[in-house]
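Descriptive analysis of the structure
Now for the letters of each chain:
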Amino acid sequence: MVEELIVRTRAEPGRNAVDVLPGGHLFIETDAPIDTSLTPWVPLLTPIAMRRGARLRFDGPVATDALPASRAAQAILAEWHANLTEVDVEATWVDPAPRGTGVGLFFSGGVDSFYSALDHSSEVTHLIFVTGFDIGLRKDWLDERARAAVGEIAEELGVELLTARTNLRRLSNRWCSWGKQYHGAALAGIAHLFSPVIGTAIIPSSHAHPWGSDPELDPLWSSTVRIVHDRPASRLAKTARVADSDLAMRHLRVCYCTHPGEYNCGRCEKCLRTMIALYSVGALERSHTFPHTVSPRAIARLEIKAGGIVFARENLAKLRAMPVRNRPVEWALALALALAPLRGGLRTWRRSLRRSLQAIRRWTGRVRRGLGRRLRPGQSAAPV
């Protein structure tokens, strides 16, 4: 029997909220005008249903053009990922309301989003900032600082700011890979939420193919809002463009590993690769949000994951082409690249060991509870 995911609207002030059965309560809250139908939840929940192999049923209104969009996106996702299968989507279809005329750009404050903001400055009318995607709901200190920074950026660019806060990843992380499978659909869903305000949403370009946000996949989610995946460029080309902007040098943020009081930690792989790129284009000392020196020792210790190898190689080639070469930094990055496969294998082994230990703990816990029920206080084991 095919599992069914049932999506029901839960009316709440200032929120588009649903109950997903089974799954739990999901919400997106914002102060801006929003689409209160179930249309935004079509891209948000389609990859999850595909991963579970479950029919997706919406008990509420969905715009008519959202169903063909879901089917087109599903065909691509199923082709790219063996663990995703195409599923049926059922809903009560309604004609979509007139959409807004604005052009929104998803903006986190990183290199990709700053590059797109500068490149599309003449057409973008709104920046879209989401809490609950790269910034977790519990990182209040980072959320407050990042929101304030994005507010200043929007004001200086002369555009409006749309903000959203969601617990969506509480469900999506259980079933889908955020990077490889899901985040393009997540951004598309948020874009459709803001359809009363914007008619087009630009997603900054990604670095890999196929990927969760991809130039082939993202436009397929278009229904009440047209989804555009920005034109690609190398990370170094983007960094060089961003480095020319004093605004970006004051507010650039790439880090997910911060502790309270930090904006960019300056130690993680994303921070260090960005610092190397800024150093290679002669802009690191102008940055307000990163240390002004790069530690060869910290670089040599980096665990470069598969998704970061292309950036590391690009940075190393740029360092080697500089008129005045920094040999310690070069050698450290070359060493980290050479050790990446070994460190990746160790990381996989540690992850496998951790999962095995967790399974053993769960099993022993069940055994203890079973014995506890058999040997309650005042009772003894049955005689042999």
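Everything discussed here concerns the structure shown above.
Only a predicted model underlies this, so the values are computations on that prediction, with no experimental measurement involved.

To continue, consider the sheet that holds strand E9 (residues 198-203). The strands that make up a sheet pair up through hydrogen bonds in the backbone, lying either parallel or antiparallel. As summarised here, the arrangement of the 10 strands in space is E5-E4-E1-E2-E3-E8-E7-E6-E9-E10, forming an open sheet in which the pairing is mixed. The open sheet has two free edges, formed respectively by strand E5 (89-94) and strand E10 (226-229), since each of these has just one partner strand. Each adjacent strand pair in this sheet contributes to an overall mean axis angle of 25°, direction not counted. Contacts from helix H4 (residues 140-157) reach strand E7 (126-131) and strand E8 (160-166), with the element oriented near 175° to E7.

For helix H3 (residues 111-119), a buried count of 7 out of 9 residues is recorded, marking the element as mostly surrounded by other parts of the structure. Looking at the buried residues of H3, the elements they touch are strand E6 (102-106), H4, helix H7 (235-243), helix H8 (246-251) and helix H9 (269-280).

If you walk through the whole model with that rule in mind, you get 3 aromatic pairs. On the numbers, 5.0 Å between centres and 55° between planes, the contact of Phe133 with Trp178 is tilted. In this pair, Phe133 sits in the loop between E7 and H4 while Trp178 sits in helix H6 (residues 178-193), placing the two residues 45 residues apart along the sequence. When sorted by exposure, Phe133 lands in the same class as Trp178, which is buried. Ring geometry for Trp178 and Tyr182: centres 5.8 Å apart, planes at 50°, overall tilted. Here Tyr182 and Trp178 lie together in helix H6, a separation of 4 residues that amounts to about one turn. Put simply, the rings of Phe133, Trp178 and Tyr182 pair up and form one aromatic cluster. If you follow Arg15 out to its NZ or CZ, it ends over the ring of Phe27, 4.0 Å from the centre.

Quick look at the pattern of salt bridges now. Applying the stated criterion to the full structure yields 22 salt bridges. Here Asp112 makes a salt bridge to Lys238, at a shortest N to O gap of 2.9 Å. With Asp112 in helix H3 and Lys238 in helix H7, this residue pair connects regions lying 126 residues apart in the sequence. For Glu156, the salt bridge goes to Arg250, with nearest N and O atoms at 2.7 Å. You can see Glu156 sitting in helix H4 and its partner Arg250 sitting in helix H8, a full 94 residues away along the chain. In this structure, a network of salt bridges that share partners links the residues Glu4, Arg8, Arg55, Arg57, Asp59 and Glu90.

Our next topic: the pairing of E5. Each regular strand shows side chains that alternate between the opposite faces of the sheet. Where strand E4 (residues 55-63) meets E5, 5 bridges bridge the pair, whose relative direction is parallel. By the bridge assignment, Ala63 is partnered in E5 with Val94. Crossover E4 to E5 through helix H2 (residues 66-80) is right-handed.

The subject of this paragraph is the side chain of Ser206. The residue Ser206 is located in the loop between E9 and E10 in this model. At a separation of 2.8 Å, a polar atom in the side chain of Ser206 contacts the main-chain carbonyl oxygen of Ser213.

Trans peptide bonds make up the majority, and among non-glycine residues the majority have a negative phi. For the bond from Leu21 to Pro22, the omega torsion is -10°, close enough to zero to count as cis. Checked against the element boundaries, Pro22 lands in the loop between strand E2 (15-21) and strand E3 (24-29).

A cluster of basic side chains, namely Arg362, Arg366, Arg369, Arg373 and Arg374, defines a positive patch on the protein surface. Within the fold, Arg366 resides in helix H12 (residues 327-374). A relative accessible area of 48% places Arg366 in the partly exposed class.

Right, let's talk about a nonpolar patch on the surface for a bit. Where nonpolar side chains cluster on the molecular surface, the patch consists of Trp349, Leu353, Leu357 and Ile360 and spans about 400 Å² of accessible area. By the secondary structure assignment, Leu357 is in helix H12.

Thresholds applied
Residues numbered from 1 in each chain as written. Predicted model: local features only at pLDDT ≥ 70, side-chain atom pairs only at ≥ 80, totals over all residues. Heavy atoms only, no water. Pairing = 2+ DSSP bridges. Helix = DSSP H or I, 4+ residues; strand = E, 2+ residues; numbered from the N terminus. Axes fitted to C-alpha atoms, helices over the stretch in contact; angles between N-to-C directions. Contact = heavy atoms within 4.5 Å. Buried < 20%, exposed > 50% of the residue type's maximum accessible area, 1.4 Å probe, protein only. Phe/Tyr/Trp six-rings, centres within 6.5 Å; stacked < 30°, edge-to-face > 60°. Lys NZ or Arg CZ within 6 Å of the ring centre and 35° of its normal. Salt bridge = Lys/Arg side-chain N within 4 Å of Asp/Glu carboxyl O. Right-handed = clockwise from strand over helix to strand, strands pointing away. Polar contact = N/O pair within 3.5 Å; in protein donor to acceptor, adjacent residues only side chain to side chain. Patch = residues over 30% accessible without salt bridge, like charges linked within 9 Å, V, L, I, M, F, W, Y side chains within 5 Å. Areas by Shrake-Rupley, 256 points an atom, 1.4 Å probe, with all protein chains shown as cover. Lys, Arg positive; Asp, Glu negative; His and termini not counted. Charge placed at Lys NZ, Arg CZ, Asp CG, Glu CD.

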